[in-house]
Amino acid sequence: MSHRMTFWSKVPAFYQAQLKLTMAAKKGLGDAVLAELVVLRASQLNKCAFCVDMHVTNLRAAGVEAQRIDLLPAWEEAGDLYSERERAALAFTEAVTVLTEGHVPDEVYERAAAQFDEAELAHLLAVIVAINNWNRVNVTVRQPPGAEL
Amino acid sequence: MTNETTPTAGHQAPAAAGHQHGPRMRWAKLAPEVYKAMIGLDAAAKKGLDATLVELVNIRASQLNKCAFCLHMHTSDARKAGESEERLALLAAWEEAVGFFTDRERAALALTEAITVLTDGFVPDAVYAQAEAAFEEAELAQLIALITTINAWNRFGVTTRLVPGQV
């Protein structure tokens, strides 16, 4: 499983735009821990080792309890370990990420819309899109966990 | 098909039960900085790539992600760029359409599918190697950027249920 290509330095304008997208999305959402939970869940679904490593590290550094990090792949069965706001965001993350297998069902959209105002929801969607971008590239080029971009 | 001449204005199909259509939210207005960054991402991704190839990749990813708005836009753009009706019709079955797409296009389409359907697998060595053989490294980086970017537009389009043909 060797690194296929040093991608990001080959496309500096794309890298800068992707950084701007990520920052604008997170700033508009305004909840750093929620953003980290969402990006970790998307990275798990897309199986991006580099991204999982980075965002588990970020969650630990933010002081999030180990149990909330470890049980994230099973959040639906994890009782009240996650708030309804987090659960609505995680269901939304999964639907937006696994797009080739379906759409974003009305009940998932409405559950999220009940927890986030419209501007927050637009930025939550942008956080999910941005991490899907990082996931796609880093899986494709086999970015090694912990390596410099 | 009775009203071929006015495909957007004249076609008012009844909404399927439980599946309301019309945009769920105006994301670009609600998140203008995000939209600006997406425009920058899009311009950076396309740089140096051939317009015909760009549209084939954009259409194929939009088919897999089932983004109606994106399909409408990119089939229109492809026609404007001179794409043939035959190739547009066969794109969803490109693997079986021997002789219609070049080896370079086929390598790009296989890579598009692998990168788009990421939750079902990885990007297999054979697919990556085929793309590496058809594109030099700088071009391959652009192609990966392009595939990533259309996936991003698809996610915004499908999630917010953008209406085909409406801005």
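Residues numbered from 1 in each chain as written. Chains lettered and ligands numbered in written order. Predicted model: local features only at pLDDT ≥ 70, side-chain atom pairs only at ≥ 80, totals over all residues.

**Quick word on the overall build of chain B**
Moving on, step 1. Counting its secondary structure elements, chain B contains eight helices and zero strands.
Moving on, step 2. Secondary structure elements of chain B occur, N-terminal to C-terminal, as α-α-α-α-α-α-α-α.
Moving on, step 3. Burial statistics for chain B: of 167 residues in total, 40% are counted as buried.
Moving on, step 4. In chain B, of all internal contacts separated by at least 6 residues, the share reaching a separation of at least 24 is 70%. (Helix = DSSP H or I, 4+ residues; strand = E, 2+ residues; numbered from the N terminus. Buried ≥ 20, exposed ≤ 12 C-beta atoms within 10 Å, placed from the backbone. Contact = placed C-beta atoms within 7 Å.)

**A closer look at the overall build of chain A**
Moving on, step 1. When you go through chain A residue by residue, the secondary structure sums to seven helices and zero strands.
Moving on, step 2. Overall, chain A shows an N-to-C arrangement of helices and strands of α-α-α-α-α-α-α.
Moving on, step 3. Its C-alpha radius of gyration of 15 Å places chain A within 12% of the 15 Å reference for a compact globule of 149 residues.
Moving on, step 4. Along the three orthogonal principal directions, the C-alpha set of chain A runs to about 40 × 30 × 30 Å.
Moving on, step 5. Counting all 149 residues of chain A, 48% fall into the buried class.
Moving on, step 6. Look at the contacts in chain A between residues 6 or more apart in sequence, and 70% of them connect residues 24 or more apart. (Rg over C-alpha atoms; globule rule 2.2 N^0.38 Å.)

**Here we look at helix α2 (residues 32–46) of chain B**
Structurally, the α-helix is built with 3.6 residues per turn, so residues lying three or four positions apart point the same way.
Moving on, step 1. If you check α2(B), its first and last C-alpha atoms are 21 Å apart, about what 15 residues at 1.5 Å a residue would give, namely 21 Å.
Moving on, step 2. Where α2(B) is concerned, the buried positions are B:Val34, B:Ala37, B:Met38, B:Leu41, B:Ala44 and B:Ala45. Seen along its axis, α2(B) keeps its buried residues to an arc of 130°; they face one direction.
Moving on, step 3. On its buried side, α2(B) packs onto α1 (12–29) and α7 (118–140) of chain A together with α8 (137–159) of chain B.
Moving on, step 4. Positive backbone phi, at 85°, marks B:Gly48, one or two positions downstream of α2(B). (Expected span 1.5 Å × (residues − 1). Arc of directions from axis to C-beta.)

**Considering the packing of helix α2 (residues 32–45) of chain A against α7(A)**
All names here are of chain A.
Moving on, step 1. Following both chains from N to C, one finds α2 and α7 inclined at 40°, their axes separated by 9 Å at the closest point. Classified by the angle between their axes, α2 and α7 sit oblique to one another. In terms of crossing hand, the pair formed by α2 and α7 is right-handed. Listed contacts from α7 to Ala35, Val38, Val39, Ala42 and Ser43 of α2 are Val127, Ile128, Ile131, Asn132 and Asn135.
Moving on, step 2. Across the contact of α2 with α7, the residue classes break down as seven nonpolar, three polar and no charged. (Axes fitted to C-alpha atoms, helices over the stretch in contact; angles between N-to-C directions. Parallel < 35°, antiparallel > 145°, perpendicular 65-115°, else oblique. Left-handed = near helix turned anticlockwise from the far one by under 90°. Nonpolar A, V, L, I, M, F, W, Y, C, P; charged D, E, K, R; others polar.)

**A look at the interface of chain B and chain A**
Moving on, step 1. Listed per partner, the contact involves 39 residues of chain B and 41 residues of chain A.
Moving on, step 2. Elements with a minimum of two residues in the side of chain B that touches chain A: α1 (27–30), α2, α3 (51–65), α6 (103–116) and α8 of chain B.
Moving on, step 3. Top contributing element to the side of chain B that touches chain A by residue count: α8(B), with 14 residues.
Moving on, step 4. For the side of chain B that touches chain A, the per-class residue count stands at 24 nonpolar, 10 polar and five charged.

**Re the UniProt feature "domain: Carboxymuconolactone decarboxylase-like" (unreviewed entry) in chain B**
Moving on, step 1. Here the UniProt-annotated "domain: Carboxymuconolactone decarboxylase-like" (unreviewed entry) positions come out as residues 32–113 of chain B.
Moving on, step 2. From the first C-alpha to the last, residues 32–113 of chain B spans 30 Å; its make-up is 73% helix and 0% strand. (UniProt positions renumbered as here; feature names shortened; annotations may be inferred.)

**Structural notes on helix α5 (residues 84–97) of chain A**
Moving on, step 1. The end-to-end C-alpha separation of α5(A) is 20 Å, in line with the 20 Å expected for 14 residues at 1.5 Å each.
Moving on, step 2. A large share of α5(A) lies buried, amounting to 11 of its 14 residues.
Moving on, step 3. Where α5(A) is buried, its residues touch α2, α6 (106–115) and α7 of chain A together with α8 of chain B.

**A few points about unusual backbone geometry**
Moving on, step 1. Notably, A:Arg142 is not glycine yet its phi reads approximately 55°, a positive angle.
Moving on, step 2. Tracing the chain through its elements places A:Arg142 in the segment after α7.
Moving on, step 3. Here B:Lys66, not a glycine, exhibits a phi torsion of approximately 55°, which is positive.
Moving on, step 4. Among the structural elements, B:Lys66 can be located in the loop between α3 and α4 (68–80).

**Quick notes on the environment of A:Ile69**
Residues and elements named next belong to chain A.
Moving on, step 1. Its place among the elements puts Ile69 in helix α4 (residues 66–70).
Moving on, step 2. Spatially, the C-alpha atom of Ile69 lies 9.7 Å from that of Arg41, the residues being 28 residues apart in sequence.
Moving on, step 3. In contact with Ile69, other than residues within four places in its own chain, are Val56, Leu59, Arg60 and Val64.

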